[in-house]
Amino acid sequence: MKVDLHTHTNASDGALSPEALVALARESGVTLLSVTDHDTAAGCPRAQKAAKEAGIAFIPGVELSVRWGGTVLHVVGLGIGPEDPLVVERFRETARLRAERGVKMGEAFEAIGLSGAYEGALARADSPLTLSRTHFAAWLLETGVVKNQQQAFDRYLGEGGPAYVEAPWPSLEEGVRFLLERGALPILAHPGRYRLRRGWEADAMIDAFLAAGGKGIEVTSGSQSEEANVHYAQVARGRKLLASTGSDWHSDRSPRPRPGCQPPLPPDLTPVWTLFGFS
Ligand code: AMP
Ligand code: MN
Ligand code: MN
Ligand code: MN
């Protein structure tokens, strides 16, 4: 089995349509796939259909943005119902907040003399409702303001940067509760990627996630270091957490591994997909 339970499509900030993402996953040899767009499951029905046609097992998913103190965390919800009316309604509201933030980010770019950022980002997104910092990064990159995507986040888009606009995401507790209520399994995404000031803060993050009802963590992720993969395998062992894995692939603009090409899970851990009937 080659598994990827964290990928993006152009329903959020991924470059490819759901069908094209599935085709790429197939090319890379993926046999079990989840599409986990930011704060929406709108790409899942089309991805699920394409996966079925390609003979790839599929779990619908989402990557929820939540707040934990001053830090934005991402929680993957595996098994979310993309057509569940309460899911659709909630993500419609979140998309409205995203659209409002996009406008404010455009104003922040204007204020520092980078005009046309909003229009540029919007031209690279599916709609104002899915506008992400990634789309602003793509504009900065393609217009030559920055040399690579990382620079776009370091200089402009990252927390505290001149174009950073805080988003009114739900709390960790509320987000996890929502996922559980809708029958989705909450998995802490790329735990090694958050900028936490001290070592103990990572332990506190895991404590808070579990207290909220979280069930597992991404042990190996294309968006965290190999060192973090090794560390979080130990955390999963020590705390008896379900283990998930995903490339977090968005596009070839970033140096992340292609779908399914992140390091595999250590074989002694309990993979989250056993709960979905896959072995
Ligand atoms: P948003 O949800 O619109 O605030 O955008 C967050 C997205 O930006 C993440 O999901 C990543 O895809 C991307 N991102 C955040 N930080 C970085 C970074 N340092 N380098 C590259 N992409 C990043
Ligand atoms: Mn993203
Ligand atoms: Mn993420
Ligand atoms: Mn992601």
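Structure first, text after, so check above.
Throughout what follows, the structure given in this document is the object of discussion. Keep in mind that this is a model prediction, so the values were computed, not measured. (Residues numbered from 1 in each chain as written. Chains lettered and ligands numbered in written order. Predicted model: local features only at pLDDT ≥ 70, side-chain atom pairs only at ≥ 80, totals over all residues. Heavy atoms only, no water.)

With respect to the coordination of the manganese ion (ligand 4)
Then, number 1: Looking at the manganese ion (ligand 4), one finds its protein donor set to be His6 (NE2), His8 (NE2), Glu63 (OE) and Asp248 (OD), positioned 2.1 to 2.2 Å from the metal centre.
Then, number 2: Mapped onto the sequence, the donors of the manganese ion (ligand 4) take the spacing H-x1-H-x54-E-x184-D.
Then, number 3: In this structure the manganese ion (ligand 2) is found 4.6 Å away from the manganese ion (ligand 4). With His6 in the loop between strand E1 (3–4) and helix H1 (18–27) and Glu63 in strand E3 (residues 57–68), this residue pair connects regions lying 57 residues apart in the sequence. You'll find His6 and Glu63 in the same group, each marked buried. (Donors = N, O, S within 2.8 Å, 3.2 Å for Na, K, Ca; no water. Helix = DSSP H or I, 4+ residues; strand = E, 2+ residues; numbered from the N terminus. Buried < 20%, exposed > 50% of the residue type's maximum accessible area, 1.4 Å probe, protein only.)

Details of unusual backbone geometry
Then, number 1: The phi torsion at Asp39 lies on the positive side, around 55°, for a residue other than glycine.
Then, number 2: Looking at the element boundaries, Asp39 is found in the loop between strand E2 (32–35) and helix H2 (44–54).
Then, number 3: The exposure class assigned to Asp39 is buried, which follows from its relative accessible area of 5%.
Then, number 4: Although it is not a glycine, His190 sits at a positive phi angle of roughly 25°.
Then, number 5: In this fold, His190 is placed in the loop between strand E5 (185–188) and helix H8 (199–212).
Then, number 6: Since its relative accessible area comes to 1%, His190 is described here as buried.

What to know about the layout of surface pockets
Then, number 1: If you add up the space inside the largest pocket, you get close to 1,200 Å³.
Then, number 2: If one sorts the elements of the lining of the largest pocket by residue count, helix H6 (residues 149–157) sits on top with four residues.
Then, number 3: Of the residues contributing to the lining of the largest pocket, the split by class is nine nonpolar, 18 polar and 13 charged.
Then, number 4: In this structure, the second largest pocket occupies an estimated 260 Å³ of space.
Then, number 5: The class makeup of the residues in the lining of the second largest pocket is nine nonpolar, three polar and three charged. (1 Å grid on protein atoms, 1.4 Å probe; cavity = no way out; pocket = protein on both sides within 12 Å on 5 of 7 lines; lining within 4 Å. Points joined across faces, edges and corners; volume = space filled by probe spheres on them. Nonpolar A, V, L, I, M, F, W, Y, C, P; charged D, E, K, R; others polar.)

A look at the coordination of the manganese ion (ligand 2)
Geometrically, a metal with four donors at the corners of a regular tetrahedron has ideal angles of 109.5 degrees, and one with six donors at the corners of a regular octahedron has ideal angles of 90 or 180 degrees.
Then, number 1: Around the manganese ion (ligand 2), the protein contributes the donor atoms Asp13 (OD), His38 (NE2) and His250 (NE2), which lie 2.1 to 2.2 Å from the metal centre.
Then, number 2: The sequence pattern describing where the donors of the manganese ion (ligand 2) fall on their chain is D-x24-H-x211-H.
Then, number 3: Between the two metals, the manganese ion (ligand 2) and the manganese ion (ligand 3), the spacing is 5.6 Å. A residue pair is termed long-range when its members are at least 10 positions apart, and Asp13 in the loop between E1 and H1 and His38 in the loop between E2 and H2 qualify at 25 residues.
Then, number 4: Judged by its relative accessible area of 3%, Asp13 falls in the buried class.

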